[in-house]
Amino acid sequence: MSNLKMKEAALIYLDRSGGLQKFIDDCKYYNDSKQSYAVYRFNVLINPSDIVELDAELGNHILHQPLKAAQVFQSINIVLKLTHLPPLPSYCLDLCEFPRDYTSQRFYTMQGIVIAMTTVTKYTQGARFLCSDEACPLSKGFQYVRVHVPGATESATVRNDFLCNLCSSSLQEDRKFRVLGDKQIVEIITAKSLHAFQGYCNNQPFRFQSLTVFLRDESVNKMNIGNEYKVIGIPTCVKTSQTAVCVEANSITFCIPKVPSGISDNFRCLLSLTSSSCWKFTAILANIFASQIVPPGTYNLLKLCLLMSLVQTHNKELENCLDILIVTSDTLLIDRLLNFSINLVPRGIRHSVSTEIFPTLSRNKYGTGAVSIQAGSALLAKGGICFIGDLATHKKDKLEQLQSAVESRSITVYISGKKFGDDVDQQMTFPVQCSFWSFLDMDSPSRRNIQKTNMLIGQMDCSLIPANLVESFALLINCNESSSCHPLLPTVQHTLKKAIDPEGLLYLASKQFTTEDFEKLLAFAKNLNVEFSLEAERMIHGYYLASRRIRTDSIYGSKLSASALKYLVSLSEAHARLNLRNKVLKEDVLIAALLFETSLTLKYGNLLSY
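Criteria and thresholds
Residues numbered from 1 in each chain as written. Predicted model: local features only at pLDDT ≥ 70, side-chain atom pairs only at ≥ 80, totals over all residues. Heavy atoms only, no water. Helix = DSSP H or I, 4+ residues; strand = E, 2+ residues; numbered from the N terminus. Buried < 20%, exposed > 50% of the residue type's maximum accessible area, 1.4 Å probe, protein only. Contact = heavy atoms within 4.5 Å. Areas by Shrake-Rupley, 256 points an atom, 1.4 Å probe, with all protein chains shown as cover. Core = buried A, V, L, I, M, F, W, Y, C linked by side-chain atoms within 4.5 Å. Disulfide = S-S within 2.5 Å. Pairing = 2+ DSSP bridges. Axes fitted to C-alpha atoms, helices over the stretch in contact; angles between N-to-C directions. Salt bridge = Lys/Arg side-chain N within 4 Å of Asp/Glu carboxyl O. Left-handed = near helix turned anticlockwise from the far one by under 90°. Nonpolar A, V, L, I, M, F, W, Y, C, P; charged D, E, K, R; others polar. Phe/Tyr/Trp six-rings, centres within 6.5 Å; stacked < 30°, edge-to-face > 60°. Lys NZ or Arg CZ within 6 Å of the ring centre and 35° of its normal.

## Here we look at the overall build of the chain
Part 1: Of regular secondary structure, the chain possesses 20 helices and 23 strands.
Part 2: Here the chain holds 610 residues, and the buried ones make up 49% of them.
Part 3: Sequence-distant contacts, at least 24 apart, represent 73% of the contacts inside the chain between residues at least 6 apart.
Part 4: Carbon together with sulfur atoms contributes 53% to the accessible area of the chain, which is approximately 30,100 Å² in total.

See the structure below:
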């Protein structure tokens, strides 16, 4: 197809799509500006479906030779912004497959979760150069204008070794015509890679690598750490300390999680059979849950709380998170149970001691002068669960950081200008949109050496960690294996049978209600929109006021934290969701109050001891 015909087709498309009018408006903006530019930058929105329908050859040119296609529209700084790509395998770049194509210089779509991002820096969109020899005709005018193209480095646009094509003298930049733009670098990983953070093991070793995405101008600050995005861009090869495949982003779309259409037939039948009671369905769920790890009927209180926490990971309100702290002497079993549970949601992250819970700073490996902010386990678990293991193994400063994050549901990162070569200090605040699970080992050597003497009736000794941190968890749960609630014999028998047949289904419940059934149930339940009935509202406020009054003394004030009402609301909503109801009833509030009262007793002691 001739260049002239392509330009005709491009002009027709711009006229029909409204791009021509936008082009005129942009020209007026530049005309009114008092600043002189070497390059005028225009964004042209392209819908591949429409342009292929109008002219197949031009559409093919844009999809497969985008850098040359930009020149068809005009020999200025034209950026073709695609709305989407054809939903065909050849246009998808799977981050798990090798080799990755970075030689064809065409558009691909890729999807991933942001695990790191830099601060915003400047780059050169375009620059004007003049011949240094004043006698040369090219020492004036706009004969040498260099424009950034996707995949190019800063040195490809601006450096001091360019030569004049006419007289071979060196070129000098006319700095007053330099045009600057914003630039940001993010790293993404495919969602499949999260298995590496979930304690997931299928005896198949695997490795994953992040993909670097360059954001420029209007795309800057459009991506947030922990979110999943679909990116259209052109893969390129960038050489740093080691060769890496990067993507120059063309357009970005936030990925909305898919909402399941329903639950399994077995759970639907169970829900119908238990419809006469507001508590039977959740009681049976807790009884049979995680039968691959513990026998049915054991650890029911803990399992109910875990299920309620899992359905509160719908990521709509920060206040809805349910953080759980477990005090136990059987850390191995509890660890297995929690690890099994986090694998039932897409964003269940098991924190590793070799990594950080919260964001950390490092220097950017691409030499842009920007600071790279690494996500950490908490931000990766956005809309899910962050399982941080034994609290007593974390250092004091990390526990303080955790307490601040749990209380405020945010974390602030301070960037020292002096340390990272900037003129001013900066700070960035990130929302913490996950629930934290952790446990304390009652039999740890450290605990044996520190015994609290002034314990109240029913109060648990949590002296290994700060009292304020214990209070910040919504639920404190005691899992003592020697109690009547957790008989030893069934657990021992279960452990022995599992050692003989690790993959075997030991109970009828495991066969009737599979792990996949629970995954579907939780995914469906957490997306339910719930509202409080008038009776439930009255009951929850009545209990809160009464509990606050009883636990208040003249010296220390109220023992009830300011977050108590928030926890009660969250627990009530969770129980309603687990029952697959859209309305919170007084029966849900009653369960919430019982669980919360049990937790308060473990934190502060029985009311009789006040």
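## Some thoughts on unusual backbone geometry
Part 1: Even without a glycine there, the phi angle at asparagine 221 is positive, about 65 degrees.
Part 2: Along the chain, the position of asparagine 221 falls in the loop between strand 8 (211-216) and strand 9 (228-239).
Part 3: Its identity is not glycine, yet arginine 409 carries a phi of approximately 55 degrees, on the positive side.
Part 4: Among the secondary structure elements, arginine 409 is positioned in the loop between helix 12 (396-408) and strand 16 (410-415).

## What about the nonpolar core?
Part 1: Grouped together as the largest cluster of nonpolar side chains are 69 residues, with contacts concentrated most on Phe267, Trp437, Phe518 and Phe596.
Part 2: Considering each element in turn, this core owes the most residues, eight residues, to helix 20 (residues 586-604).
Part 3: If near-sequence neighbours (up to four positions away) are discounted, phenylalanine 596 is found in contact with Ala474, Tyr543, Leu560, Ala564, Tyr567, Leu568 and Leu571.
Part 4: One finds Val231, Leu402, Val413 and Phe473 within the second-largest nonpolar core, a separate group that totals 60 residues.

## Regarding the state of the cysteines
Part 1: Overall, the coordinates contain zero disulfides when judged by the stated rule.
Part 2: Of the cysteine sulfurs around cysteine 136, a residue in no disulfide, the closest is that of cysteine 131, at 3.8 Å.
Part 3: In this structure cysteine 164 is not part of a disulfide, and its nearest cysteine sulfur, from cysteine 167, lies 3.8 Å away.

## Description of the sheet that holds strand 18 (residues 434-441)
Part 1: Read across the sheet, five strands follow the order 12-15-18-11-19 without closing on themselves; strand pairing throughout is parallel. At either margin of the open sheet sits one strand with a lone partner, and together these are strand 12 (348-350) and strand 19 (475-479). Each strand axis lies, on average, 20 degrees off the axis of its neighbour in the sheet, ignoring direction.
Part 2: In this fold helix 9 (residues 300-310) packs onto strand 11 (324-328), strand 15 (384-390), strand 18 and strand 19, with an angle of close to 150 degrees to the strand it touches most, strand 19.

## Overview of the pattern of salt bridges
Part 1: Applying the stated criterion across every chain, the model contains 17 salt bridges.
Part 2: Two residues, lysine 122 and aspartate 182, come together in a salt bridge whose shortest N-O distance is 2.6 Å. Of the two residues, lysine 122 sits in strand 4 (residues 121-131) while aspartate 182 sits in strand 7 (residues 179-189), which places them 60 residues apart along the sequence.
Part 3: Judged by relative accessible area, which is 27%, aspartate 182 ranks as partly exposed.

## Some remarks on the packing of helix 18 (residues 534-550) against helix 19 (residues 564-578)
Part 1: Between helix 18 and helix 19, the least distance of the axes is 10 Å, while the angle of their chain directions is 145 degrees. Of the two elements, helix 18 crosses helix 19, and the hand of that crossing is right-handed. Only Ala564, Leu565, Leu568, Val569 and Ser572 of helix 19 make contact with helix 18, whose side of the interface consists of Ile540, His541, Tyr543 and Tyr544.
Part 2: The class makeup of the residues in the contact of helix 18 with helix 19 is seven nonpolar, two polar and no charged.

## Some details on the packing of aromatic side chains
Part 1: If you walk through the whole model with that rule in mind, you get 14 aromatic pairs.
Part 2: When the centroid spacing of 5.8 Å and the interplanar angle of 70 degrees are considered together, the rings of tyrosine 229 and phenylalanine 254 count as edge-to-face. Taken together, the residues tyrosine 229 in strand 9 and phenylalanine 254 in strand 10 (residues 243-254) connect sequence positions 25 residues apart.
Part 3: Linked through ring pairs, Phe267, Phe281, Phe289, Phe340, Phe513 and Phe518 together constitute an aromatic cluster.
Part 4: Sitting over the face of the ring of phenylalanine 177, arginine 128 holds its NZ or CZ atom 4.7 Å from the ring centroid.
Part 5: Here arginine 146 stacks its cationic end above the ring of phenylalanine 162, 4.1 Å away from the centre of that ring.

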